[in-house]
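Residues per chain, in single letters:
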Amino acid sequence: MLEIRDLECGYGPVAALKGVSLDVGEGELVALIGANGAGKSTTLRAISGLVKPRAGTIRFAGADITGADPARILSLGIAHCPEGRRVFPYMSVADNLAMGAYLRRDPIRVREDYDRVYSDFPRLAERRHQAAGTLSGGEQQMLAIGRALMSRPKLVMFDEPSLGLAPTIVEQTLGIIRAIRDGGATVLLVEQNAFAALELCDHAYLIETGRVVRRGGGPELIADPHVRAAYLGG
Ligand SMILES: Nc1ncnc2c1ncn2[C@@H]1O[C@H](COP(=O)(O)OP(=O)(O)O)[C@@H](O)[C@H]1O
Ligand SMILES: [Mg+2]
């Protein structure tokens, strides 16, 4: 479904990705793990069109989306739940959700999707008229996830969804991501919590300084000596 070949991206003189190739099959949950600064977020930004690749190709559901406009990429069915959640703090919960659906022209189904997000996340329903900035970190993460789902995506990308959340909320958030995959969507998950990501995923890629250095199934990478030593605490 998603096919990335030899992707190179950078910021001015900084080369962030030096030839990343990866594949995500339909209905899979694929994890990207790696240290801070490895290039995980840049990979997601390139897929969603926020960073223009310098070389390489990105294909999604048969279409070449390399360097395409973010709105076009969203309309093809890719949603991006960014690092740091990035909800609109002064807008209400309901208006934040509406932003996730801004390209859609099917108001009846959008209405259904509001109802579904509110039934999946009752805390958001209770707070629908409240400014998003007044929510707790965990609630803002739920809102960011709900907003991503409002575009009815085929592929949902999550960037560090558990960062800064309390352990019980982390577990809940990862459970929601698993449920999204079980509901038929394809998921690309970036996580610093390598163990949690490897347990959850169908397969995973380890990125180090802009390159994929390992790929494999979760159990395979959990057993890998390099992964164990560098990312799983030995
Ligand atoms: N906006 C930016 N301007 C300059 N350099 C950046 C920017 N964002 C990221 N980088 C650099 O690109 C590299 C990859 O960063 P990033 O993709 O954010 O890594 P990760 O998400 O794995 O922590 C790092 O060296 C980082 O310092
Ligand atoms: Mg990042």
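A brief structural summary. (Residues numbered from 1 in each chain as written. Chains lettered and ligands numbered in written order. Predicted model: local features only at pLDDT ≥ 70, side-chain atom pairs only at ≥ 80, totals over all residues. Heavy atoms only, no water.)

A closer look at the overall build of the protein
- When you go through the protein residue by residue, the secondary structure sums to 10 helices and 10 strands.
- Here the C-alpha atoms of the protein give a radius of gyration of 17 Å, agreeing with the 17 Å that 2.2 N^0.38 yields for 234 residues.
- In terms of its C-alpha atoms, the protein occupies a principal-axis envelope of roughly 50 × 40 × 35 Å.
- Counting only residues that meet the buried cut, the protein has 50% of its 234 residues in that class. (Helix = DSSP H or I, 4+ residues; strand = E, 2+ residues; numbered from the N terminus. Rg over C-alpha atoms; globule rule 2.2 N^0.38 Å. Buried < 20%, exposed > 50% of the residue type's maximum accessible area, 1.4 Å probe, protein only.)

Digging into the layout of surface pockets
- Roughly 500 Å³ of volume is contained in the largest pocket.
- Lining the largest pocket are 17 residues, and of these L74, H80, P82, Y102 and R147 lie nearest its centre.
- Mapped by element, the contributors of at least two residues to the lining of the largest pocket are α2 (70-76), β6 (78-81), α3 (93-100) and α6 (137-149).
- The residue inventory of the lining of the largest pocket, partitioned by class, reads 11 nonpolar, 4 polar and 2 charged.
- What the second largest pocket holds in volume is close to 380 Å³.
- In terms of lining, the second largest pocket is formed by 15 residues, of which the most central are R116, D120, L149, I180 and A185.
- Looking at the lining of the second largest pocket, the elements that each hand over two or more residues are α4 (107-120) and α7 (167-182). (1 Å grid on protein atoms, 1.4 Å probe; cavity = no way out; pocket = protein on both sides within 12 Å on 5 of 7 lines; lining within 4 Å. Points joined across faces, edges and corners; volume = space filled by probe spheres on them. Nonpolar A, V, L, I, M, F, W, Y, C, P; charged D, E, K, R; others polar.)

Regarding the packing of aromatic side chains
- All chains considered together, the criterion is met by 1 aromatic pair.
- Summarising the aromatic geometry, the rings of Y114 and Y118 are spaced 6.2 Å apart at their centres and angled 25° between planes, so their arrangement reads as stacked. With Y114 and Y118 both in helix α4 and 4 residues apart, this pair spans about one turn of that helix. Just as Y114 is buried, Y118 falls in that class too. (Phe/Tyr/Trp six-rings, centres within 6.5 Å; stacked < 30°, edge-to-face > 60°.)

What about unusual backbone geometry?
- Of note, R152 is a non-glycine position whose phi angle comes to about 50°, a positive value.
- Not every positive phi belongs to a glycine, and E160 is a case in point at roughly 50°.
- When you line up the elements, E160 lands in the loop between β7 (155-159) and α7.

A look at the environment of I180
- Its location among the elements puts I180 in helix α7.
- C-alpha of I180 to C-alpha of L149: the two residues are 31 residues apart in sequence and 9.0 Å apart in space.

Regarding the nonpolar core
- The biggest cluster of nonpolar side chains holds 47 residues, and the ones touching the most others in it are Y118, L124, L143, F158, I180 and L198.
- Those residues in contact with Y118, other than ones at most four positions away along the chain, are V93, A94, L97, L124, A125 and R128.
- Ranked by size, the runner-up nonpolar core spans 27 residues in total, among them L7, I47, I65 and L188. (Core = buried A, V, L, I, M, F, W, Y, C linked by side-chain atoms within 4.5 Å. Contact = heavy atoms within 4.5 Å.)

None of this, on its own, says anything about what the molecule does.
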